[in-house]
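# A structural walkthrough
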Amino acid sequence: MVSRSTVLLFHKMESITNVMEYETIAKEKLPKMIYDYYASGAEDQWTLQENRNAFSRILFRPRILVDVRSIDTTTSVLGFKVSMPIMVAPTAMQKMAHSEGEYATARATSAAGTIMTLSSWATSSVEEVASTGPGIRFFQLYVYKDRNVVRQLVKRAERAGFKAIALTVDTPRLGRREADIKNRFVLPPHLTLKNFEGLDLGKMDKTYDSGLASYVAGQVDQSLSWKDVKWLQTITHLPILLKGVLTAEDARLAVESGAAGIIVSNHGARQLDYAPATVMALEEVVKAVQGRIPVFLDGGIRRGTDVFKALALGASGVFIGRPVVFSLAVDGEAGVRKVLQMLQDEFELTMALSGCRSIKEITRSHITAPWDSPRITPRL
């Protein structure tokens with residue numbers, strides 16, 4: 001006998017028409033500790049709200065009477081051809097959302113023809129994710145105090161066929177995530193941080209606040225600096241993206257340090273509250289790098305219109321995090337596939353309605369932002 005709640009959930013899933021609706025259903029389905037871990041931001045959560053709200057202040061300047069019978073969303077990321085400029089950001093501990101966790105996300109991302117970034121703190125290892133089949137995958141890296149651990153991780157990612165390293169540079173300490181403190185967040189006992197399992201670093205101890213914060217304080221290297229970006233290049237041949245850049249000053253240093261690209265990110269608003277929304281910081285970073293390396297964005301992407309706005313401001317592509325874990329929680333691999341498809345469809349529609357037939361046709365003139373000078377309209 002199928003329960004009434006199961007029937008209701010099925011009907012809700014059938015009627016999903018946008019990415020945000022997955023979060024509503026995931027909140028009903030997930031245990032509070034796990035939902036809060038995925039959903040919450042740091043302290044007052046101002047930046048969490050601003051990551052979304054900032055997109056609403058950027059408006060379109062659509063061009064009309066363009067032949068848009070054929071729209072091409074394909075692009076290239078670090079030389080890899082992808083179906084769309086929408087990729088999967090690293091989100092930790094996905095088996096808390098669904099039993100197949102990162103396996104399901106890897107299969108869905110590969111089927112969509114785009115890139116998955118695997119978190120260092122995944123509940124599936126680099127080898128396990130590689131075993132799901134072909135796909136373009138990046139590996140997100142936290143630098144541990146024990147550099148031998150870092151060397152091993154990077155070498156394993158290389159051997160497993162990962163194509164780039166996304167080095168997180170905004171987490172010398174974990175941000176104050178009050179929901180995790182209240183819930184005394186800890187990784188459920190049946191799960192481990194799989195990449196560290198053989199190193200006795202795969203478990204989190206229970207504490208009186210956030211178990212993750214205690215784990216980070218004990219393991220992650222607070223002395224990480226620009227010299228370590230250079231060091232990382234000596235231990236891997238893979239291109240290195242710096243994830244967590246928000247200023248022109250650091251963007252220029254990233255170029256000088258030999259980074260292959262930048263991900264403008266505020267860590268999903270989970271680190272420093274009152275940091276700017278990523279879309280507000282994007283153009284500053286783009287102008288600073290002067291086209292020398294690609295710039296990507298993560299944070300707040302929920303619509304195809306958001307993707308278009310980011311590209312118009314100079315991003316080469318975007319990464320999505322929470323939409324992936326919430327759709328995974330609701331419907332596993334099928335949920336992640338649907339989220340990626342919905343975003344691609346919305347993005348393609350935005351391109352058509354803006355008069356753009358390919359990624360290269362999306363320009364700064366297609367949007368207007370709050371910081372733009374007033375336009376002088378010529379008299380007719």
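Treat the numbers as computed from the prediction; the structure is a model and nothing was measured.

## A look at the nonpolar core
- One finds Trp-121, Leu-141 and Leu-232 to be the most contacted residues of the largest nonpolar core, which totals 111 residues.
- Sorting elements by how many residues they give to this core places helix H14 (residues 322–354) first, with 13 residues.
- The residues touching Trp-121, leaving out its near neighbours within four places in the chain, are Ala-92, Met-93, Tyr-142, Tyr-144, Leu-193, Phe-196, Leu-212, Tyr-215, Val-216 and Val-220.

## So, the pattern of salt bridges
- Counting across every chain of the model gives 20 salt bridges.
- Between Glu-158 and Lys-155 there is a salt bridge; the shortest N-O distance is 3.4 Å. One end of the pair is Glu-158 and the other is Lys-155, both in helix H7 (residues 147–159) and three residues apart, which spans about a single turn.
- Salt-bridge contacts for Asp-298 lead to Lys-243; the nearest nitrogen and oxygen are separated by 3.8 Å. Taken as a pair, Asp-298 in strand S10 (residues 295–298) and Lys-243 in strand S8 (residues 240–245) lie far apart in primary sequence, 55 residues in all.
- For Asp-298, a relative accessible area of 7% corresponds to the buried category.
- Among the ionic contacts, a cluster of salt bridges with common partners joins Glu-100, Arg-107, Glu-333 and Arg-337.

## Quick notes on helix H11 (residues 248–256)
- Among all positions of H11, only Ala-248, Ala-251, Ala-254 and Val-255 are buried. Each buried residue of H11 sits inside an arc of 115° when the element is viewed along its axis, so together they form one side.
- The inward-facing, buried residues of H11 contact helix H10 (226–235), S8, strand S9 (261–264) and helix H12 (278–289).
- Note on H11: the residue one or two positions beyond its end, Gly-258, has a positive phi of about 95°.

## Considerations on the packing of helix H2 (residues 20–29) against H14
- With their axes 11 Å apart at the nearest point, H2 and H14 run at an angle of 170° to one another. With respect to their mutual orientation, H2 and H14 come out roughly antiparallel. Across from Tyr-22, Glu-23, Ile-25, Ala-26 and Lys-29 in H2, the residues of H14 making contact are Phe-326, Ser-327, Ala-329, Val-330, Gly-335, Lys-338, Val-339 and Met-342.
- Broken down by class, the residue content of the contact of H2 with H14 amounts to eight nonpolar, two polar and three charged.

## Focus on the UniProt feature "active site" (unreviewed entry) in the protein
- Mapped onto the present numbering, the UniProt feature "active site" (unreviewed entry) falls at His-267.
- Considering the arrangement of structural elements, one finds His-267 in the loop between S9 and H12.
- Classification of His-267 as buried rests on a relative accessible area of 11%.
- With near-sequence residues (within four places) excluded, His-267 lies in contact with Tyr-142, Thr-168, Asp-170, Thr-171 and Arg-177.
- A polar contact is formed between the side chain of His-267 and the side chain of Tyr-142, at a distance of 3.4 Å.

## Focus: unusual backbone geometry
- The residue Arg-184 is not glycine, and still its phi comes out positive at about 50°.
- Looking at the element boundaries, Arg-184 is found in the loop between helix H8 (178–183) and helix H9 (211–219).
- Taking relative accessible area as the criterion, Arg-184 reaches 45% and is therefore assigned partly exposed.
- Residues other than glycine seldom take positive phi values, yet His-267 does so here, at roughly 65°.

## Things to note about H7
- Taking 1.5 Å of rise per residue, 13 residues should cover 18 Å, and H7 covers 18 Å from first to last C-alpha, within 8% of that figure.
- Within the span of H7, buried status applies to Arg-147, Val-149, Val-150, Leu-153, Val-154, Arg-156, Ala-157 and Glu-158.
- Contacts from the buried residues of H7 go to helix H6 (126–130), strand S6 (136–141), strand S7 (164–168) and H10.
- Just downstream of H7, Gly-161 is the residue with a positive phi angle, here 90°.

## A word on the UniProt feature "binding site: glyoxylate" (unreviewed entry) in the protein
- Here, UniProt's "binding site: glyoxylate" (unreviewed entry) annotation points to Tyr-37, Tyr-142, Arg-177, His-267 and Arg-270.
- Mapped onto the secondary structure, Tyr-37 falls in helix H3 (residues 32–39).
- Checked against the element boundaries, Tyr-142 lands in the loop between S6 and H7.
- Beyond its immediate stretch of four places on either side in the chain, Tyr-142 contacts Ser-120, Trp-121, Val-150, Thr-168, Thr-171 and His-267.

## Points about the side chain of Arg-302
- You can see Arg-302 is positioned in the loop between S10 and helix H13 (304–312).
- Here Arg-302 sits buried without a salt bridge, and the closest side chain of opposite charge, Glu-23, lies 5.1 Å off (N-O distance).
- Residues contacting Arg-302, with those up to four places away along its chain left out, are Val-19, Met-20, Arg-52, Arg-322, Pro-323, Leu-343 and Glu-346.

## Observations regarding the pairing of S8
- Within S8, six of the six residues are buried, which leaves it mostly tucked inside the rest of the structure.
- Looking at chain direction, S7 and S8 are connected through four bridges and run parallel. Note that in S8 the partner of Ala-166 across the bridge is Leu-241.
- With four bridges connecting them, S8 and S9 associate as parallel partners. In the strand pairing of S9, Lys-243 is matched with Ile-263.
- After leaving S8, the chain enters H11 and then returns to the sheet as S9, a path that is right-handed.

Reading the values: the criteria
- Throughout, residues of each chain are indexed from 1 in the direction in which the sequence is written.
- With the structure being a predicted model, the display of local features is reserved for residues of pLDDT at least 70 and the display and counting of side-chain atom pairs for 80 or more, all residues being used for whole-chain, interface and lining totals.
- The side-chain quantities take in all heavy atoms of the structure and omit both hydrogens and water.
- Residues belong to a common nonpolar core when they are buried Ala, Val, Leu, Ile, Met, Phe, Trp, Tyr or Cys residues joined through side-chain atoms within 4.5 Å.
- The classification of residues rests on relative accessible area computed with a 1.4 Å probe and restricted to protein chains. Under 20% of the type maximum is buried, over 50% is exposed, and intermediate values are partly exposed.
- A run of H or I in DSSP becomes a helix once it reaches four residues, and a run of E becomes a strand once it reaches two; helices and strands are each numbered from the N terminus.
- It only takes one pair of heavy atoms within 4.5 Å for two residues to be counted as in contact.
- Should a side-chain nitrogen of Lys or Arg be within 4 Å of a carboxyl oxygen of Asp or Glu, the pair is scored as a salt bridge.
- Taking the helix axis as origin, the arc is that swept by the directions to the C-beta atoms.
- Axis geometry follows a simple rule: fit a line to the C-alpha atoms, using only the stretch in contact for helices, then measure angles between N-to-C directions, giving values from 0 to 180 degrees.
- With respect to orientation, any angle under 35 degrees is reported as roughly parallel, any angle over 145 as roughly antiparallel, any angle of 65 to 115 as roughly perpendicular, and every other angle as oblique.
- The classification used treats Ala, Val, Leu, Ile, Met, Phe, Trp, Tyr, Cys and Pro as nonpolar, Asp, Glu, Lys and Arg as charged, and all other residues, Gly among them, as polar.
- UniProt positions are given in the numbering used here, feature names are shortened, and annotations may be inferred rather than shown by experiment.
- Residues adjacent in sequence count toward polar contacts only when both atoms are side-chain atoms; beyond that, a polar contact is any pair of N or O atoms within 3.5 Å, and within protein one must be able to donate a hydrogen and the other to accept it.
- To estimate how far a helix should extend, the number of its residues minus one is multiplied by 1.5 Å.
- Counted as positive: Lys and Arg. Counted as negative: Asp and Glu. His and the chain ends are not counted at all.
- In this analysis, strands are considered paired if DSSP registers two or more bridges between them.
- By convention, a crossover is right-handed whenever its connection, traced from the first strand over the helix to the second and viewed with the strands pointing away, goes clockwise.

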